[in-house]
Amino acid sequence: MAGGVAVPQLAAAVSEAGGLGFLAAGYKTADGMYQEIKQLRGLTSRPFGVNLFLPQPETADPAAVGVYAHQLAGEAAWYETRLGDPDSGRDDGYDAKLAVLLDNPVPVVSFHFGVPAREVLDSLRRVGTFTLVTATTAEEAQAVERAGADAVIAQGVEAGGHQGTHRDVPETDGSGVGLLSLVAQVRDSVGIPVVAAGGIMRGGQIAAVLAAGAAAAQLGTAFVATHESGAHALHKRALTDPLYARTELTRAFSGRPARALVNRFLREHGPYAPAAYPDVHHLTAPLRKAAATAGDAQGLALWAGQGHRMARELPAGRLVEVLAAELAAARTALSAGGAR
């Protein structure tokens with residue numbers, strides 16, 4: 001949830017309630033990440049995690065990005081703003097962030113968009129940090145294990161936001177493996193713990209992925225509507241608004257496949273967005289900011305998993321408690337059924 005949702009207040013509330021809260025550092029500067037970690041430590045003494053994006057190779061076609069920018073010119077005029085510079089921020093300070101996390105170790109670090117070098121994972125382990133890496137196939141999970149990560153996050157196609165596929169190519173068609181099938185495949189392919197992610201909104205679903213072989217469950221969309229979430233109010237309301245009936249994988253906002261609620265911007269520009277991350281992300285950033293300022297959810301990146309209609313507007317700590325109670329009830333029911 002790198003778009004400003006996973007703020008220190010949310011992570012602290014989750015951790016205080018017995019979950020493992022995460023800070024999203026994918027779009028943060030190294031100093032910004034450090035300041036949020038410092039703030040989080042002032043809010044809780046419990047374990048938490050930090051998520052990083054892996055730097056992406058420069059494979060974008062400048063001409064294709066230019067064509068997309070031309071297409072978005074009307075959006076810029078409508079919102080009375082300028083398009084962003086697609087070349088800005090390609091160096092997201094990944095090495096500087098790693099340096100901060102080695103100098104000021106946190107309990108857990110997870111990685112998205114690829115596999116870190118073995119020396120990175122080894123260095124984090126030496127300072128006491130537990131590492132996780134996202135995979136969307138069994139083959140990617142095996143690469144995660146070979147690199148030396150402590151656990152793998154199996155991300156099903158139901159997941160909201162960016163898919164953590166390791167190799168984004170232009171012909172990516174948005175197909176993917178459903179979570180329960182993926183957990184089973186990954187569990188059979190690796191010897192490290194598996195964390196299940198993608199579309200999980202209820203404790204019963206947590207019970208299902210645990211029964212399928214996962215060691216833990218990771219939830220994102222379920223916490224977008226919570227009181228402590230940093231998501232825009234328009235985003236929170238859209239999760240359960242009948243106007244946004246479905247989600248779709250799109251490159252429209254960032255240039256990489258990501259699941260969002262279908263709105264006007266996605267419908268009009270999704271079919272033409274190039275495979276160009278983070279170029280498209282920087283190109284559309286001013287448009288998304290202007291849409292938020294204008295109160296126009298039709299121009300926002302409304303990241304959401306397929307279970308978005310089950311979102312609950314609760315304090316984050318209370319949501320953790322409800323999920324735990326639902327999980328316990330589901331496990332009791334499963335045990336009772338097995339005893340018959």
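Residues numbered from 1 in each chain as written. Predicted model: local features only at pLDDT ≥ 70, side-chain atom pairs only at ≥ 80, totals over all residues. Heavy atoms only, no water.

**Brief notes about the packing of helix α1 (residues 8-16) against helix α2 (residues 30-43)**
When two helices pack together, their arrangement is given by the angle between the helix axes and the distance between those axes. α2 packs onto α1 with a crossing angle of 40° between their chain directions and a minimal axis gap of 9 Å. Along this stretch, α1 crosses α2, giving a crossing that reads as right-handed. Where α1 approaches α2, its residues P8, Q9, A11, A12 and E16 are matched on the opposing element by E36, Q39, L40 and L43. Tallied by class, the residues present in the contact of α1 with α2 amount to 5 nonpolar, 2 polar and 2 charged. (Axes fitted to C-alpha atoms, helices over the stretch in contact; angles between N-to-C directions. Helix = DSSP H or I, 4+ residues; strand = E, 2+ residues; numbered from the N terminus. Left-handed = near helix turned anticlockwise from the far one by under 90°. Contact = heavy atoms within 4.5 Å. Nonpolar A, V, L, I, M, F, W, Y, C, P; charged D, E, K, R; others polar.)

**A short note on the packing of aromatic side chains**
Counted according to the given criterion, the structure contains 5 aromatic pairs. Measuring from ring centre to ring centre gives 4.6 Å for F53 and F113, while their planes differ by 40°; the resulting arrangement is tilted. Here F113 lies in the loop between β3 (108-112) and α6 (118-126) and F53 lies in strand β2 (residues 48-53), a separation of 60 residues in the sequence. Classification of F53 as buried rests on a relative accessible area of 6%. Assessed through its relative accessible area of 2%, F113 is described here as buried. (Phe/Tyr/Trp six-rings, centres within 6.5 Å; stacked < 30°, edge-to-face > 60°. Buried < 20%, exposed > 50% of the residue type's maximum accessible area, 1.4 Å probe, protein only.)

**Notes on the sheet that holds β3**
Read across the sheet, 7 strands follow the order β1-β2-β3-β4-β5-β7-β8 without closing on themselves; strand pairing throughout is parallel. Edge positions in the open sheet fall to β1 (21-24) and β8 (216-218), since each of these has one partner strand only. The average undirected angle you get between the axes of adjacent strands in this sheet is 30°. Lying over the sheet, helix α5 (residues 94-103) contacts β2 and β3, oriented at roughly 160° with respect to β2. (Pairing = 2+ DSSP bridges.)

**What to know about the packing of helix α3 (residues 62-71) against helix α12 (residues 279-294)**
Put simply, α3 and α12 touch, their axes get as near as 11 Å, and they point 20° apart. The orientation of α3 relative to α12 falls into the category roughly parallel. Between α3 and α12 lies a crossing of right-handed hand. Contact residues: V65, Y68 and A69 in α3; D279, V280, L283 and T284 in α12. (Parallel < 35°, antiparallel > 145°, perpendicular 65-115°, else oblique.)

**Description of the environment of A64**
Structurally, A64 can be placed in helix α3. Since its relative accessible area comes to 27%, A64 is described here as partly exposed. Along the sequence, A64 and L327 sit 263 residues apart, while their C-alpha atoms lie 47 Å from each other.

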